[in-house]
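Take a look at the letters that make up each chain.
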Amino acid sequence: MTDPAVDALRPGTAPATPPERGSTPTASPAGLDLDRLAGYLAEHRPELATGPLRARLIAGGKSNLTYLLRAGEHEVVLRRPPLGHVLATAHDMAREFRVISALARTDVPVPAALLHCPDPDVIGAPFYLMERVPGEVFRTRAQTDPLSTEQRRELAMAMMDTLAALHAVEPASVGLADFGRPEGYLARQVRRWAGQLERSRSRPLPGIEELRDLLAATAPEGANAGRIVHGDYRLDNLLATVDPVAVRAVLDWEMATLGDPLADLGLLLTYWDVLGGSEAAAGNPVADGLGPRAGFPTGGELIERYAGRSDVDVGPLHWHVALGCFKLAVICEGIHYRHTLGQTLGEGFDRIGEMVAPLVAHGLTAARER
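Keep in mind that what you see is a predicted model, and the values were worked out from it rather than measured. (Residues numbered from 1 in each chain as written. Predicted model: local features only at pLDDT ≥ 70, side-chain atom pairs only at ≥ 80, totals over all residues. Heavy atoms only, no water.)

Asks: What is the right way to read the overall build of the protein from this model?
Replies: Of regular secondary structure, the protein possesses ten helices and ten strands. Looking at the 370 residues of the protein, the share that counts as buried comes to 54%. In the protein, the share of contacts with a sequence separation of at least 24, taken over all contacts with a separation of at least 6, comes to 70%. Accessible surface computed for the protein: about 14,900 Å², of which carbon and sulfur atoms make up 52%. (Helix = DSSP H or I, 4+ residues; strand = E, 2+ residues; numbered from the N terminus. Buried < 20%, exposed > 50% of the residue type's maximum accessible area, 1.4 Å probe, protein only. Contact = heavy atoms within 4.5 Å. Areas by Shrake-Rupley, 256 points an atom, 1.4 Å probe, with all protein chains shown as cover.)

As structure tokens, then:
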């Protein structure tokens, strides 16, 4: 099942085309003031303001909000932070814009960065524009079930090849030498997400403090530190095609930094094997179409593919999976909290909170491994 879109026109304009099926015409979609945006574009990118401005919320994302903008013949994508309760630094538009701008000169496929607006007064939050890249975000079983076994395998391997290409980029060579602080990255990640937890918790979460403390007490040095890490790398943060199979763009760079690439691998395995390998995730929008349960290769096969194309020493990944479980539990809890406050847009948010407890349980198991 895909989420319905939400369309809108600037007041006083007529639709250039009929609203798409499943859309709801309004004055402006939630989180986006089309009048103020049109004025800003006319001043800063007039070539993108050549006709009636139309916006559609691209549903499915559970964090930052993404809209497809149409102005005359132009189509671009706008990204802004979520509504209401926002975790500090977790929705930084400037960082996201900077990293995709830098990676445009590499083998990592990213959308072209078009415009960054740091002024929250324009639409209510900072935002940026990027090109619209053709492709599909594979998120649900309805999308992945029709794929052949070979297509699923090729798609998973293309995902890992792209991650290896990202981790091979020398930060200084693309102007990102100061994009993060690699020293102590893993210990700092534990502290950061522990702080985020305290700012987004709205209910008792048994075991999560024990997981936090285990991670803090056993954080490795991070021999691979200093690489560009995505921070939330998974299949449904990619735009891809299956004829031919290819990754067309890596999306959602809001948590990118310089750090240990094993953190990307650990979180990917959390999505893939912990959630995607469990029947408990069936129908959940976080991982419904991912992992072995959806007919994809196992996490072990993904790591083997990555290791064959990267100079990163993958080593034991159990601690990084435990960190991935903790991080994803905090993210899910934050989304759950925003949903209880009525600050989420689209469908599927009512079940996000159900994933926190199994994530904590698996994280504890992984953290206790030796």
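Asks: Looking at this model, I keep getting lost on the pattern of salt bridges. Mind explaining?
Replies: A side chain of one charge can pair with a side chain of the opposite charge when the charged atoms of the two come close. Across all of its chains, the model carries 20 salt bridges by this definition. A salt bridge links R45 to E47, with the shortest nitrogen-to-oxygen separation between them at 2.4 Å. Since its relative accessible area comes to 33%, E47 is described here as partly exposed. The residue R212 makes a salt bridge to D213 at a minimum N-O spacing of 3.0 Å. The network of salt bridges with common partners includes R79, E96, D252 and E254. (Salt bridge = Lys/Arg side-chain N within 4 Å of Asp/Glu carboxyl O.)

Asks: Would you mind showing me how to read the side chain of N64 here?
Replies: With respect to the secondary-structure elements, N64 resides in the loop between β2 (53-57) and β3 (65-71). Polar contacts involving the side chain of N64 include one to the side chain of E254, which spans 3.1 Å. (Polar contact = N/O pair within 3.5 Å; in protein donor to acceptor, adjacent residues only side chain to side chain.)

Asks: Teacher, can you tell me more about the layout of surface pockets here?
Replies: It is a probe the size of a water molecule, rolled over the atoms, that shows where empty space is left. When its volume is computed, the second largest pocket comes out at roughly 310 Å³. Among the secondary structure elements, those contributing two or more residues to the lining of the second largest pocket are α5 (185-200) and β10 (257-259). Counting residues per element, the lining of the second largest pocket draws most heavily on α5, which supplies four residues. Broken down by class, the residue content of the lining of the second largest pocket amounts to five nonpolar, four polar and six charged. For the lining of the second largest pocket, the domains that each give at least three residues are domain 1 (34-131) and domain 2 (138-368). (1 Å grid on protein atoms, 1.4 Å probe; cavity = no way out; pocket = protein on both sides within 12 Å on 5 of 7 lines; lining within 4 Å. Points joined across faces, edges and corners; volume = space filled by probe spheres on them. Nonpolar A, V, L, I, M, F, W, Y, C, P; charged D, E, K, R; others polar. Domains from an automatic or database assignment.)

Asks: I would appreciate a short explanation of the side chain of S310 in the present structure.
Replies: Examined against the element boundaries, S310 turns out to sit in the loop between α8 (299-308) and α9 (318-340). The exposure class assigned to S310 is buried, which follows from its relative accessible area of 18%.

Asks: Looking at this model, I keep getting lost on the packing of helix α6 (residues 208-218) against helix α10 (residues 356-367). Mind explaining?
Replies: Helices that pack against each other are described as a pair by the angle of their axes relative to one another and the distance between those axes. For the pair α6 and α10, the least separation of the axes is 9 Å and the interaxial angle reads 30 degrees. Relative to α10, α6 is oriented roughly parallel. Every pair of crossing elements has a handedness; the one defined by α6 and α10 is left-handed. In this structure, α6 contributes I208, E210, L211 and L214 to the contact, and α10 contributes V360, G363, L364 and A367. Of the residues that constitute the contact of α6 with α10, the class distribution is six nonpolar, one polar and one charged. (Axes fitted to C-alpha atoms, helices over the stretch in contact; angles between N-to-C directions. Parallel < 35°, antiparallel > 145°, perpendicular 65-115°, else oblique. Left-handed = near helix turned anticlockwise from the far one by under 90°.)

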